[in-house]
Amino acid sequence: MSRIGIFYGSSSGVTKSAAEKLAELLGEDRCDLYSMEEDFVDFDEMLDYDFLLFGCSTWGSGEVQNDWRDPLLDLDNDKPDFSGKTIAVFGAGDYVSHGEQFVSALGILHDKFKARGATLVGAFPTEGYTYKYSFAERDGQFVGLPFDDVNEADKTAERLERWVASLQAVLPEAEEA
Ligand SMILES: Cc1cc2nc3c(=O)[nH]c(=O)nc-3n(C[C@H](O)[C@H](O)[C@H](O)COP(=O)(O)O)c2cc1C
């Protein structure tokens, strides 16, 4: 399927806004937005798509946003097959109050879906970010797109645009109108 499925979990709306902006940048006519709280039923919905964007903010101390918790437990138990699926992850954090686990949820999602056979794309440079530690940092890059609207909201729009530009090469071709 050439449509793009965007599934997000967001407690105060920051990752939700980013998900909506991503749909706008990618083309709303080819994106389907799902709130993990309101719309997610089971993994079959995700498996309808070959290309998926997963949004998840970080809470607790380096934990996934609440609406992703049970689905990730189900993922471990049910072991759905994500091979052939391409996934990119994005999410909000706070580098000032939580810089010791900055956007670590992205690393958790990345690892969980990679373990289910998905191809993870959308790594983003760490340049321009400040933090002490992030489980989302691998080999000097973030595994997906982080943003911090608590402390540097002015940078988010440009980061989203750069990320979408970097994804163009791996995106499915848009269907003819
Ligand atoms: C209790 C609490 C714990 C948090 N823990 C983290 C954390 O471990 N890492 C991080 O980067 N941000 C952390 N944050 C910051 C949130 O991720 C940030 O407020 C984000 O904008 C929330 O996005 P959302 O509205 O999409 O859920 C925490 C915030 C609160 C209030």
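Quick summary incoming for the structure in this document. (Residues numbered from 1 in each chain as written. Predicted model: local features only at pLDDT ≥ 70, side-chain atom pairs only at ≥ 80, totals over all residues. Heavy atoms only, no water.)

**Observations concerning the site of the ligand**
Item 1. Not every one of the 20 residues close to the ligand is listed here, only the nearest: Ser10, Ser12, Thr15, Ser57 and Thr58.
Item 2. Valine 14 is positioned such that a nitrogen or oxygen atom in its backbone is 3.0 Å from an oxygen atom of the ligand.
Item 3. One of the side-chain nitrogen or oxygen atoms of tryptophan 59 is found 3.1 Å away from an oxygen atom of the ligand.
Item 4. Relative to its unbound accessible area of 650 Å², the ligand is 83% covered by the protein chains.
Item 5. Taken together, the residues that form the shell around the ligand break down as six nonpolar, 13 polar and one charged. (Near = heavy atom within 4 Å. Polar contact = N/O pair within 3.5 Å; in protein donor to acceptor, adjacent residues only side chain to side chain. Areas by Shrake-Rupley, 256 points an atom, 1.4 Å probe, with all protein chains shown as cover. Nonpolar A, V, L, I, M, F, W, Y, C, P; charged D, E, K, R; others polar.)

**Some points on the packing of aromatic side chains**
Item 1. All told, the structure shown has 17 aromatic pairs when counted by the stated rule.
Item 2. Ring centres of phenylalanine 7 and phenylalanine 54 lie 6.0 Å apart, and the angle between their planes is 85°; this geometry places the pair in the edge-to-face category. With phenylalanine 7 in strand E1 (residues 4–9) and phenylalanine 54 in strand E3 (residues 51–56), the pair connects residues that are 47 residues apart, well separated along the chain.
Item 3. A relative accessible area of 0% means that phenylalanine 54 is categorised as buried.
Item 4. Between the aromatic rings of tyrosine 131 and phenylalanine 142, the centroid separation amounts to 5.2 Å while the plane-to-plane angle is 45°, which identifies the pairing as tilted. One end of the pair, tyrosine 131, is in the loop between strand E8 (124–125) and strand E9 (137–138); the other, phenylalanine 142, is in strand E10 (residues 141–142), and 11 residues separate them in sequence.
Item 5. Of the aromatic side chains, those joined through ring pairs into one cluster are Phe7, Tyr34, Phe40, Phe43, Tyr49, Phe54, Trp68, Phe82 and Phe113.
Item 6. The cationic tip of arginine 138 hangs over the ring face of phenylalanine 135; the distance from NZ or CZ to the ring centre is 4.5 Å. (Phe/Tyr/Trp six-rings, centres within 6.5 Å; stacked < 30°, edge-to-face > 60°. Helix = DSSP H or I, 4+ residues; strand = E, 2+ residues; numbered from the N terminus. Buried < 20%, exposed > 50% of the residue type's maximum accessible area, 1.4 Å probe, protein only. Lys NZ or Arg CZ within 6 Å of the ring centre and 35° of its normal.)

**Describing the nonpolar core**
Item 1. Counting 53 residues, the largest nonpolar core has Phe7, Met46, Leu53, Phe54, Trp68, Phe90 and Phe113 as its most contacted members.
Item 2. With sequence-adjacent residues up to four places away left out, phenylalanine 54 is seen in contact with Phe7, Met46, Trp68, Ile87, Ala88, Val89, Phe90, Leu109 and Phe113. (Core = buried A, V, L, I, M, F, W, Y, C linked by side-chain atoms within 4.5 Å. Contact = heavy atoms within 4.5 Å.)

**A word on the side chain of lysine 85**
Item 1. The topology assignment puts lysine 85 in the loop between helix H3 (66–78) and strand E6 (86–92).
Item 2. Residue classification places lysine 85 among the buried residues on the basis of a relative accessible area of 10%.
Item 3. A polar side-chain atom of lysine 85 sits 3.1 Å from the main-chain carbonyl oxygen of tyrosine 49.
Item 4. Residue contacts for lysine 85: discarding those within four places in its chain leaves Leu47, Tyr49, Asp50, Ala118 and Thr119.

**Remarks on the packing of helix H1 (residues 14–26) against helix H5 (residues 156–167)**
Item 1. At their nearest, the axes of H1 and H5 sit 10 Å apart, and the two run at 45° to each other. Between H1 and H5, the crossing angle belongs to the class labelled oblique. The crossing of H1 and H5 is right-handed. Along the contact surface, H1 presents Ala18, Lys21, Leu22, Leu25 and Leu26, while H5 presents Leu160, Glu161, Trp163 and Val164.
Item 2. Among the residues making up the contact of H1 with H5, the classes are represented as seven nonpolar, no polar and two charged. (Axes fitted to C-alpha atoms, helices over the stretch in contact; angles between N-to-C directions. Parallel < 35°, antiparallel > 145°, perpendicular 65-115°, else oblique. Left-handed = near helix turned anticlockwise from the far one by under 90°.)

Purely geometric stuff here, so don't read any function into it on its own.
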